[in-house]
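# A closer look at the structure
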Amino acid sequence: MPDMRFHIRWPDGSRDACYAPSLVIKDHLAVGQDYPLDEFLALTRLALGIASERVRERYGFPCGRAEAQLARIEETARRQAPGTVYVEAFEE
């Protein structure tokens, strides 16, 4: 199963390289797109959930790295002022 990173810029200007265990993130986020913070959270929850489930179907257990990444995204989001998250790049 191919994994990847998606690079984002938070509303405060900080940047993160986020892990996804599947290319499914590309079905939910687009490079060069700004997403309102709440929408970005909803889309990443959905995409990382699907990716983790694909790992479960293939290996018999969910992807702990995807779950940990989602937890880090949610924690960082709690510290952000309202604004948009910009998707800078995908890295396979």
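Before any of the text, the structure's been laid out above.
Report follows, based on the coordinates. Bear in mind that the values here come from a model prediction, so they are computed numbers and not experimental data. (Residues numbered from 1 in each chain as written. Predicted model: local features only at pLDDT ≥ 70, side-chain atom pairs only at ≥ 80, totals over all residues. Heavy atoms only, no water.)

## Digging into the overall build of the protein
When helices and strands are tallied, the protein shows 2 helices and 4 strands. When the helices and strands of the protein are listed from N to C terminus, the series reads β-β-β-α-α-β. A compact globule built from 92 residues should have a C-alpha radius of gyration of about 12 Å, and the protein, at 13 Å, falls within 12% of that. Here the protein, with 92 residues, has 37% of them falling under the buried criterion. Total accessible area on the protein is roughly 5000 Å²; 49% of this is exposed by carbon and sulfur atoms. (Helix = DSSP H or I, 4+ residues; strand = E, 2+ residues; numbered from the N terminus. Rg over C-alpha atoms; globule rule 2.2 N^0.38 Å. Buried < 20%, exposed > 50% of the residue type's maximum accessible area, 1.4 Å probe, protein only. Areas by Shrake-Rupley, 256 points an atom, 1.4 Å probe, with all protein chains shown as cover.)

## What to know about the packing of aromatic side chains
Counted according to the given criterion, the structure contains 2 aromatic pairs. Ring centres 5.8 Å apart and planes at 85 degrees place the aromatic pair W10 and F40 in the edge-to-face group. In this pair, W10 sits in the loop between strand 1 (4-9) and strand 2 (15-20) while F40 sits in helix 1 (residues 37-59), placing the two residues 30 residues apart along the sequence. Lying across the ring of Y19, R65 places its NZ or CZ 3.7 Å from the centre. (Phe/Tyr/Trp six-rings, centres within 6.5 Å; stacked < 30°, edge-to-face > 60°. Lys NZ or Arg CZ within 6 Å of the ring centre and 35° of its normal.)

## With respect to the pairing of strand 4 (residues 84-91)
The sheet contact formed by strand 1 and strand 4 spans 5 bridges and is antiparallel. Counted as the bridge partner of R9 is Y86 from strand 4. Inspection of the sheet shows strand 3 (residues 34-36) paired to strand 4 by 3 bridges, in the antiparallel sense. Its bridge partner lying in strand 4, D34 is registered against Y86. (Pairing = 2+ DSSP bridges.)

## Here's the deal with the nonpolar core
For soluble globular proteins, the rule of thumb is that nonpolar side chains tend to be buried together. Within the largest apolar cluster, 24 residues are counted, with the highest numbers of intra-cluster contacts made by F6, I8, W10, I25, L29, F40 and I73. For this core, the element with the most residues is helix 1, which contributes 7 residues. With sequence-adjacent residues up to four places away left out, F6 is seen in contact with D16, A17, C18, Y19, A20, I25, L29, F40, T44, I73, A89 and F90. (Core = buried A, V, L, I, M, F, W, Y, C linked by side-chain atoms within 4.5 Å. Contact = heavy atoms within 4.5 Å.)

## What about the pattern of salt bridges?
If you walk through the whole model with that rule in mind, you get 7 salt bridges. The shortest N-O distance in the salt bridge between E88 and R15 comes to 2.6 Å. One end of the pair, E88, is in strand 4; the other, R15, is in strand 2, and 73 residues separate them in sequence. Salt-bridge contacts for E75 lead to R78; the nearest nitrogen and oxygen are separated by 2.8 Å. (Salt bridge = Lys/Arg side-chain N within 4 Å of Asp/Glu carboxyl O.)

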